[in-house]
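Each chain, written out:
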Amino acid sequence: MDYRRIWHPGGTYFFTINLLQRNGNDLLIQHIHLLRESINTVKTKHPFKIHGWVVLPEHMHCLIELPENDINYATRIRLIKIGFSKAIPKTERRSNVRVRRGERGIWQRRYWEHLIRDEADFQAYLDYIHYNPVKHGWVKQVKDWPYSTFHRWVEKGVYPLDWAGIDGDLYDFE
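In this report, we go over the structure that sits alongside the text. Owing to the predicted nature of the structure, the values given are computational and were not obtained by experimental measurement.

### Notes on helix α5 (residues 119-135)
- Under the 1.5 Å per step criterion, the end-to-end length of α5 is 23 Å for 17 residues, consistent within 8% with the ideal 24 Å.
- Maximum bend of α5: about 35 degrees, positioned at isoleucine 129, with proline proline 133 one to four residues after it.
- Counting buried positions over the 17 residues of α5 gives 13, a clear majority of the element.
- N-cap assignment for α5: the residue whose side-chain oxygen lies 3.2 Å from the backbone N of alanine 120 is aspartate 118.

Laid out in structure tokens, this is it:
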């Protein structure tokens, strides 16, 4: 399959990043502090602005903006994954291929990215990020999920605290 990435200097991108094992895996929230440390370490060495982020047990979504004239989101994603992988205990089962390649077997090799086109696109993906824990049945109200940037946006007055509960009428991206 031919995967083509869109590279736009200073672009704002939406990402979906999945663990290899999606069923019954809560690794990301079990080690949320290590994931945050990895993100912050990468952000220090390779700056980017976080507009939105949600971490679910087995995958995460983020909306980040690169510095002007910078196109290298791939390095940032790779380093976040590596930093987290190195920090957690080695308990996962690995295939022979992953052993030969020196891979931990924690993350799916690929990720999904989308270049944000305009303000409406930005808002749609920010909404999607924050609604995701409700969509997947982890909580009934967006405000109840602790691993998201939702509360920062509430403080800025962008969302009301009671935004998009279980009866919310939102987008269907999948």
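The rest of the description comes next.
### Structural notes on the layout of surface pockets
- Here the largest pocket is characterised by a volume of approximately 370 Å³.
- Considering the residues around the largest pocket, the lining is formed by 18 residues, among which Lys81, Ile82, Ser85, Glu103 and Trp107 are closest to the centre.
- Of the residues belonging to the lining of the largest pocket, the class tally is 6 nonpolar, 4 polar and 8 charged.

### Some points on the packing of helix α2 (residues 32-45) against helix α3 (residues 73-87)
- Running from amino to carboxyl end, α2 crosses α3 at an angle of 140 degrees, the nearest separation of the two axes being 8 Å. Judged by the angle between their axes, α2 and α3 are oblique. The element α2 and its partner α3 pack so that their crossing is right-handed. When α2 is examined against α3, the residues Leu34, Leu35, Ser38, Ile39 and Val42 are found in contact with a partner set consisting of Arg76, Leu79, Ile80, Gly83, Phe84 and Ala87.
- Grouping the amino acids of the contact of α2 with α3 by side-chain chemistry returns 8 nonpolar, 2 polar and 1 charged.

### Some details on the pattern of salt bridges
- All chains considered together, the criterion is met by 3 salt bridges.
- Note that arginine 117 and aspartate 121 form a salt bridge whose closest N and O atoms lie 3.6 Å from each other.
- Relative accessible area serves as the criterion here: at 63%, arginine 117 is assigned to the exposed category.
- When its relative accessible area of 6% is taken as the criterion, aspartate 121 is described as buried.

What counts, and where the lines are drawn
Residues numbered from 1 in each chain as written. Predicted model: local features only at pLDDT ≥ 70, side-chain atom pairs only at ≥ 80, totals over all residues. Heavy atoms only, no water. Helix = DSSP H or I, 4+ residues; strand = E, 2+ residues; numbered from the N terminus. Expected span 1.5 Å × (residues − 1). Bend = angle between axes of the 7 residues up to and from the residue. Buried < 20%, exposed > 50% of the residue type's maximum accessible area, 1.4 Å probe, protein only. Polar contact = N/O pair within 3.5 Å; in protein donor to acceptor, adjacent residues only side chain to side chain. 1 Å grid on protein atoms, 1.4 Å probe; cavity = no way out; pocket = protein on both sides within 12 Å on 5 of 7 lines; lining within 4 Å. Points joined across faces, edges and corners; volume = space filled by probe spheres on them. Nonpolar A, V, L, I, M, F, W, Y, C, P; charged D, E, K, R; others polar. Axes fitted to C-alpha atoms, helices over the stretch in contact; angles between N-to-C directions. Parallel < 35°, antiparallel > 145°, perpendicular 65-115°, else oblique. Left-handed = near helix turned anticlockwise from the far one by under 90°. Contact = heavy atoms within 4.5 Å. Salt bridge = Lys/Arg side-chain N within 4 Å of Asp/Glu carboxyl O.

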